[in-house]
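Geometric and topological summary
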Amino acid sequence: MTIQSRLRLLPAVALVFVPRLTDAQSMPVPAPSVASTAQAKVVDALDALVPGWLTMFRVPSIAIAHIDNGRIDWTRVYGEQSAGVPATERTLYNVASLTKPVFAETILRLAAAGRLSLDAVMAPVWVDPDIADDPRHLLLTPRLSLSHRTGFPNWRRQTGGQLKFQNDPGTTYGYSGEGFEYLKQYTHRVTGQSIDASAQSLIFSPAGLRHISFVITPWFAGRVAMPFGPNNTWGPSDASALELASDNLHTTVADYAGFVLSVMRHDGLPAALIAQRDSLHTIDAPGDQCDAKKVPICPTRTGYGLGWQIFEYPDDRVLWHTGSDWGEKAMVLYRPGHRDGMVMLTNGANGFDVMIEVGTRVLEGTPFGTFLTSGRKK
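So, a few notes on the structure that sits alongside this text. Quantities reported herein were computed from a predicted structural model and do not represent experimental measurements.

Definitions and cut-offs
Residues numbered from 1 in each chain as written. Predicted model: local features only at pLDDT ≥ 70, side-chain atom pairs only at ≥ 80, totals over all residues. Heavy atoms only, no water. Helix = DSSP H or I, 4+ residues; strand = E, 2+ residues; numbered from the N terminus. Buried < 20%, exposed > 50% of the residue type's maximum accessible area, 1.4 Å probe, protein only. Phe/Tyr/Trp six-rings, centres within 6.5 Å; stacked < 30°, edge-to-face > 60°. Pairing = 2+ DSSP bridges. Salt bridge = Lys/Arg side-chain N within 4 Å of Asp/Glu carboxyl O. Core = buried A, V, L, I, M, F, W, Y, C linked by side-chain atoms within 4.5 Å. Contact = heavy atoms within 4.5 Å. Expected span 1.5 Å × (residues − 1). Disulfide = S-S within 2.5 Å.

1. Considering the overall build of the protein
- A count of helical and extended segments in the protein gives 10 helices and 13 strands.
- A buried classification covers 58% of the 378 residues belonging to the protein.

2. Observations concerning the packing of aromatic side chains
- What the rule picks out here adds up to 17 aromatic pairs.
- Here the aromatic rings of Y173 and Y304 are separated by 5.9 Å at their centres, their planes lie at 35 degrees, and the arrangement is tilted. Residue Y173 is found in the loop between helix 4 (142-146) and helix 5 (177-191), and its partner Y304 is found in strand 9 (residues 301-304); the two are separated by 131 residues along the sequence.
- According to the relative accessible area criterion, Y173 is partly exposed, its value standing at 32%.
- Pairing W320 with F368 gives two aromatic rings, centres 5.0 Å apart and planes at 75 degrees, and the pair type is edge-to-face. Within this pair, whereas W320 is found in strand 11 (residues 316-325), its partner F368 is found in helix 10 (residues 367-373), the two being separated by 48 residues in sequence.
- Among the aromatic residues, ring-to-ring pairing joins F311, Y313, W320, F368 and F371 into one connected group.

3. Quick word on the sheet that holds strand 5 (residues 93-94)
- If you walk across this open sheet you meet the 3 strands as 5-7-6, and the pairing is antiparallel. The two strands at the open ends of the sheet, each matched to only one other strand, are strand 5 and strand 6 (212-213).

4. Digging into the pattern of salt bridges
- Under the counting rule described, the total for this entry stands at 19 salt bridges.
- For R277, the salt bridge is made with E105, and the minimal N-O distance between the two is 3.0 Å. Of the two residues, R277 is situated in helix 8 (residues 271-277) and E105 in helix 3 (residues 99-112); the sequence distance between them amounts to 172 residues. The pair formed by R277 and E105 is uniform in burial state, with each residue classed as buried.
- Between D119 and R143 there is a salt bridge, with its nearest N and O atoms 2.7 Å apart. With D119 in the loop between helix 3 and helix 4 and R143 in helix 4, the pair connects residues that are 24 residues apart, well separated along the chain.

5. Thoughts on the nonpolar core
- Membership of the largest hydrophobic core comes to 63 residues, with the highest contact counts inside it found for F103, L146, F214, Y256, F259, V260 and V343.
- Setting aside anything within four residues of it in sequence, one finds L146 in contact with F103, A104, I107, L118, F180, L183, Y304, G305, L306 and G307.
- The next biggest cluster of nonpolar side chains, apart from the first, holds 32 residues, and it includes V43, W74, V318 and F368.

6. So, helix 3
- Helix length check: helix 3, at 14 residues, gives a terminal C-alpha distance of 20 Å against a target of 20 Å (1.5 Å per residue), a fit within 8%.
- Among the 14 residues that make up helix 3, 13 are buried, leaving the element largely enclosed by the rest of the structure.
- Backbone geometry just downstream of helix 3 places G114 in the positive-phi region, at approximately 80 degrees.

7. A look at the environment of Q162
- Of note, Q162 is situated in the loop between helix 4 and helix 5.
- On a C-alpha basis, the gap between Q162 and D130 in space is 6.2 Å, while along the polypeptide they are 32 residues apart.
- The residues touching Q162, leaving out its near neighbours within four places in the chain, are D130 and R156.

8. Quick look at the state of the cysteines
- Counting across every chain of the model gives 1 disulfide.
- Put simply, C290 and C298 are joined by a disulfide, and their sulfur atoms are 2.1 Å apart. Judged by the sign of its S-S torsion, about -80 degrees, the cystine formed by C290 and C298 is left-handed. In this pair, the class of C290 matches that of C298, namely buried.

Below, the structure is given as structure tokens:
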């Protein structure tokens, strides 16, 4: 399987060097790091190269945030959010499946607050009518949903428009948006509030994130990056009042990076839940995610935790996720041991091509950077 396939399963310029943490807490401003100084050369290179990549791959825009030493080191935005409208730091992107780590973190913080249990059987509270006659619904728990082990397909349209089990719950990994939506229905009933309300109170507000939402709000007006499809046409905005757990979160690149910082700082979680989130609940077959013939250093193990894909190296670990909708592609990654990472958001069907080029330069010299390099188009 090519890296492009794995990623899919998973102009005007604006620049901001961020001299502070992005949350609203009163914390000392960290001194500029050595890595930040070195990254200035990377940014200069991106300034020269990214506009050409956007043109080459027919991607309207990309927004990038780089994290170093536990803070946002710099952000960069190139291109147009819609025809003739420059993308800026205020542009809101649909992050597609990058919604899943945010939803997962919301569930974990609800668990930390004692409002639900990861291992509670969901059936007494919620059963989808499609599977009510299948006794396997009695096995479903929040943990199985977050680790993609429900046994559901990605979407019920793949099983004739009706939700069905393809595997017994808990027996095997199977990436499933339906599993996340199932857990959303359960969580609504247990908490009595929307996922967005829970995320706002438990994650966004404590971290000072004001430009991120699961649902459309009045402040979206004039700020949404419009999707640009594979047929080189603009599509309508995906912003909606319909709340999804698996897709369509809208955010600025800086606020999504601020979410990553909150995760990195272990905000709102006890040590036990942090360890569970960051540990492999499923393990891929050797070579499934990384081709040793193309990549000098492959992970020793890969798999999925609670909301994040995980690459384990002998002396490193990467938690990451990708997002892929019709006209939007996105990627996030961070290394807990190094306290660094990056977020890339695009509004183009070919966005992974640009993100691979950007990522290989920003992450040059790291094992994950060489992994991305293998995905370059020849």
